[in-house]
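# Summary of the model geometry
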Amino acid sequence: MAEAVEEKKKSAWKVLALALTNRKTGFMLLFGFASGLPFALFLGTLFAWLTEAEVDLETMGIFSLIGLAYAFQFLWSPLIDKVNIPILRKLGRRKQWIVPAQVLLGTILVTMSLLEPKSQLGWFSLLAGIGAFASATQDIAINAWRIDVADERATIDILSTVYQMGYRLSSLVGGALGLVIAARIGWPETYALMGAILLAVGFVGLWAPNAKEEAADVASESELQVRALRKAGELAPSIRNRALLFVGLLWAGAIGVVLTFMIMSMTYAPEDRPNPTEFTINVGPWIIVATIILPALIAGWLASKKRRGEHLLAQDMEPATGSSFALDHLYRALVLPLVEFVGRMGWSLVLILAVVLTYRICDAIWGTFAYPFYLGELEYTNDDVAFASKFFGVGAIIAGLALGGLLLTTIGRMATLLIGGVMAALTNLLYADMAIGGANMQAFSDFVGFTYLIEQVPGIGDAALAKLTITIAFENLAIGIAGAAYVAWLSSIVSKKFSAVQYALLSSLTLLVGTLGRGALGEMIENQGYFDVFVLTTWIGLGAAVLVCFEWYRESRGKRAAGIIAPEAGEVLPPK
């Protein structure tokens, strides 16, 4: 028995070593970096530049609109899955979007460096808005590329972990390091440097590998899927078109609401502009209901029809032409990804959605209140928080991601997902202690010698900062492990045929949790204080861990039913 366990460990380490030296892993790190850098520059560092340029707060509020591109990126994910760009299609199904987006982003950042924010604010805001949409588009394509190219060497677990490492590194470069560089060489030069980095990434990205099946692709995969819709045994066009009408109206309405909001925000007088935060909180969940929840129910209805053999074609139909051809393509883009997912998962989709909605709930909600807690409640300085959360904290997250990647390879995806979830939940108790003075965290920091190390940091280190730093370190370590496992799990349950749409739709549900939860959590903080909130989020996190146990059992039972005896590398299956 001991020899078998040792052999399994050696095998896992071999898989990890092969993955880390794989060409795909290197490009994944690069793409992860390119994905996180624009987000940091457009939604973080940019506001520091605008403040220095003496742009008023009312005007800066408009720039928060560009965050909608990331919040609602799933609205145009069907285009990324379906549309081929002339000439650029030769680069590959995903690279035709990734490389141009990176080149466009680099060009935009360099152009912004040539503008004066206050006197040329119109052009400045237009470029920032286009950049945010290009960045969100790049994210959709990169997530799909990661899922498409994963294989037995560069596994989805390792690629997901490396992607997040690159993303976290870029947030440090574009955030804290960007501020340091700007203080020395100026904001225009800093943005020009960041733009040059993205242009270089776009150039290098030309050599990124494509999925194996793309090389032998004669007719595009989407064309084959559209043609298959008219084969015997598929749903009749009349039923499909009825579903498409409902889903199309829902998506068109959602896109219309977002576009109307953006036009009002850009063209109305300052006092008449809608509030972006209120829009996201009040309207955001309804957009997700219209574009995800209701279409999923419609997809379930279609899947049940097909499973029961109702309204199916008795024989092959002639290839579609004219309006029928267009309707088939729209069905493939909007409805078929959900039909495939719901049909494959069945009632298990309820459990999957429960995990998606709860697993990262502490993360999604807590971020809004972190700085008020550090600066207002605990009364630390900006320098203290920057040291603890930005420099030390980012290092802890990267360490957590590395540990998460190792655990994914040695003990398996679901075990790591469970460990990460439990750890992330329990770290809320560390913050609960901080909320009532932090005596336990201070004693622990003193005991392990961490306080002494922090006190050696010139100009900033003291005993009080040590307990905050070690608390953030434990939290970020847990977040790294949980994040690595969560993205790997989410990537593993989507189909490679519809990876862009399915992943974008599932990941967007985090928005639903954040928007619904922040208001209630803020009110609870006001009424009951931070301690009770941290205890509550601990219980929510532990509840999510219980759901992960059920999902683990579901997956292992499915593998056994399918005759899959060998688990994924290093994975221990639960007993029958």
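Residues numbered from 1 in each chain as written. Predicted model: local features only at pLDDT ≥ 70, side-chain atom pairs only at ≥ 80, totals over all residues. Heavy atoms only, no water.

Across its full length, the protein carries 26 helices and zero strands. Across the 576 residues of the protein, 53% fall into the buried class. A separation of at least 24 residues holds for 82% of the contacts in the protein among residues at least 6 apart in sequence. For the protein, the exposed area adds up to about 25,300 Å²; of that, 67% sits on carbon and sulfur atoms. (Helix = DSSP H or I, 4+ residues; strand = E, 2+ residues; numbered from the N terminus. Buried < 20%, exposed > 50% of the residue type's maximum accessible area, 1.4 Å probe, protein only. Contact = heavy atoms within 4.5 Å. Areas by Shrake-Rupley, 256 points an atom, 1.4 Å probe, with all protein chains shown as cover.)

Attention now moves to helix H19 (residues 382–410). The terminal C-alpha atoms of H19 lie 40 Å apart, and with 29 residues this matches the ideal 42 Å at 1.5 Å per residue to within 8%. A maximum bend of about 45 degrees is found in H19 at Gly-393. Looking one or two residues past H19, Gly-412 carries a phi angle of roughly 105 degrees, positive in sign. (Expected span 1.5 Å × (residues − 1). Bend = angle between axes of the 7 residues up to and from the residue.)

Pairs of aromatic rings are described using the distance from one ring centre to the other and the angle between the two planes. On inspection of all chains with the given rule, the structure shows 22 aromatic pairs. Measuring from centroid to centroid gives 5.5 Å for Tyr-431 and Phe-534, while their planes differ by 25 degrees, and the two rings are stacked. In this pair, Tyr-431 sits in helix H20 (residues 413–435) while Phe-534 sits in helix H26 (residues 530–561), placing the two residues 103 residues apart along the sequence. Grouping residues by exposure puts Tyr-431 and Phe-534 together as buried. Through a chain of ring-to-ring contacts, the aromatic side chains of Phe-373, Tyr-374, Tyr-431, Tyr-530 and Phe-534 assemble into a single cluster. For Arg-146, the ring lying beneath its charged end belongs to Tyr-163, and the centroid distance is 5.1 Å. Lying across the ring of Tyr-503, Arg-146 places its NZ or CZ 5.1 Å from the centre. (Phe/Tyr/Trp six-rings, centres within 6.5 Å; stacked < 30°, edge-to-face > 60°. Lys NZ or Arg CZ within 6 Å of the ring centre and 35° of its normal.)

The next thing to look at is the packing of helix H23 (residues 463–492) against helix H24 (residues 499–507). When two helices pack together, their arrangement is given by the angle between the helix axes and the distance between those axes. Between H23 and H24, the shortest axis-to-axis distance is 10 Å and the interhelical angle comes to 135 degrees. As summarised for this structure, H23 and H24 are arranged oblique, according to the angle between their axes. The element H23 and its partner H24 pack so that their crossing is right-handed. The segment H23 lies against H24, with Val-487, Leu-490 and Ser-491 engaging Tyr-503, Leu-506 and Ser-507. (Axes fitted to C-alpha atoms, helices over the stretch in contact; angles between N-to-C directions. Parallel < 35°, antiparallel > 145°, perpendicular 65-115°, else oblique. Left-handed = near helix turned anticlockwise from the far one by under 90°.)

With that settled, consider the pattern of salt bridges. Between side chains of opposite charge, pairing is possible as soon as their charged atoms come close. If you walk through the whole model with that rule in mind, you get twelve salt bridges. One salt bridge in this structure joins Arg-94 and Asp-148, with 2.7 Å as the shortest N-O distance. In this pair, Arg-94 sits in the loop between helix H5 (77–82) and helix H6 (95–113) while Asp-148 sits in helix H7 (residues 121–149), placing the two residues 54 residues apart along the sequence. You'll find Arg-94 and Asp-148 in the same group, each marked buried. The structure contains a network of salt bridges with shared partners spanning Asp-81, Arg-93, Arg-94 and Asp-148. (Salt bridge = Lys/Arg side-chain N within 4 Å of Asp/Glu carboxyl O.)

In this fold, Ser-495 is placed in the loop between H23 and H24. When sequence neighbours within four positions are dropped, the list of residues in contact with Ser-495 reads Glu-340, Arg-344 and Gln-502.

Nonpolar side chains collect at one region of the surface, where Leu-104, Trp-123, Leu-126 and Ile-130 lie side by side and expose about 410 Å² of accessible area between them. Of the residues examined, Trp-123 reaches a relative accessible area of 59% and is grouped as exposed. (Patch = residues over 30% accessible without salt bridge, like charges linked within 9 Å, V, L, I, M, F, W, Y side chains within 5 Å.)

On to the nonpolar core, then. Nonpolar side chains in soluble globular proteins tend to be buried together. Phe-42, Phe-72, Phe-74, Tyr-331, Trp-489 and Ile-493 are the most contacted members of the largest nonpolar core, which has 121 residues in total. The contacts of Tyr-331, once residues within four sequence positions are left out, are Leu-229, Leu-235, Arg-240, Leu-244, Leu-302, Leu-336 and Val-339. Membership of the second largest hydrophobic core comes to 28 residues, among which are Phe-369, Tyr-431, Ala-466 and Leu-468. (Core = buried A, V, L, I, M, F, W, Y, C linked by side-chain atoms within 4.5 Å.)

What follows concerns the confidence of the model for the protein. Regions with low pLDDT carry predicted coordinates that are not meant to be interpreted in detail. On average, residues of the protein carry a pLDDT of 82, and 86% of them reach 70 or more. Counted against residues more than four places away or in other chains, residues 215–219, with its pLDDT under 50, gives three contacts. This stretch, residues 569–573, has a pLDDT under 50; its non-local contacts, to residues over four places away or in other chains, come to 23 contacts. (pLDDT = per-residue confidence, 0-100.)

Further remarks concern the environment of Ala-299. Residue position: Ala-299 is located in helix H14 (residues 284–307). Along the primary structure Ala-299 and Pro-337 are separated by 38 residues, whereas in three dimensions their C-alpha atoms are 8.9 Å apart.

Once that is clear, we can look at the environment of Val-180. Structurally, Val-180 is set in helix H8 (residues 156–185). The class of Val-180 is partly exposed, set by a relative accessible area of 33%. Each C-alpha atom, one on Val-180 and one on Thr-190, is 9.6 Å from the other, the two residues being ten residues apart in sequence.

Another point: unusual backbone geometry. In this model, Ile-87 sits at a positive phi of 70 degrees, which is unusual for a non-glycine residue. Within the fold, Ile-87 resides in the loop between H5 and H6. Look at Ile-87 and you get exposed, because its relative accessible area is 73%. Backbone geometry places His-311, a non-glycine residue, at a positive phi of 60 degrees. If you trace the backbone, His-311 turns up in the loop between H14 and helix H15 (322–334). Using a relative accessible area of 42% as the deciding quantity, one classes His-311 as partly exposed.

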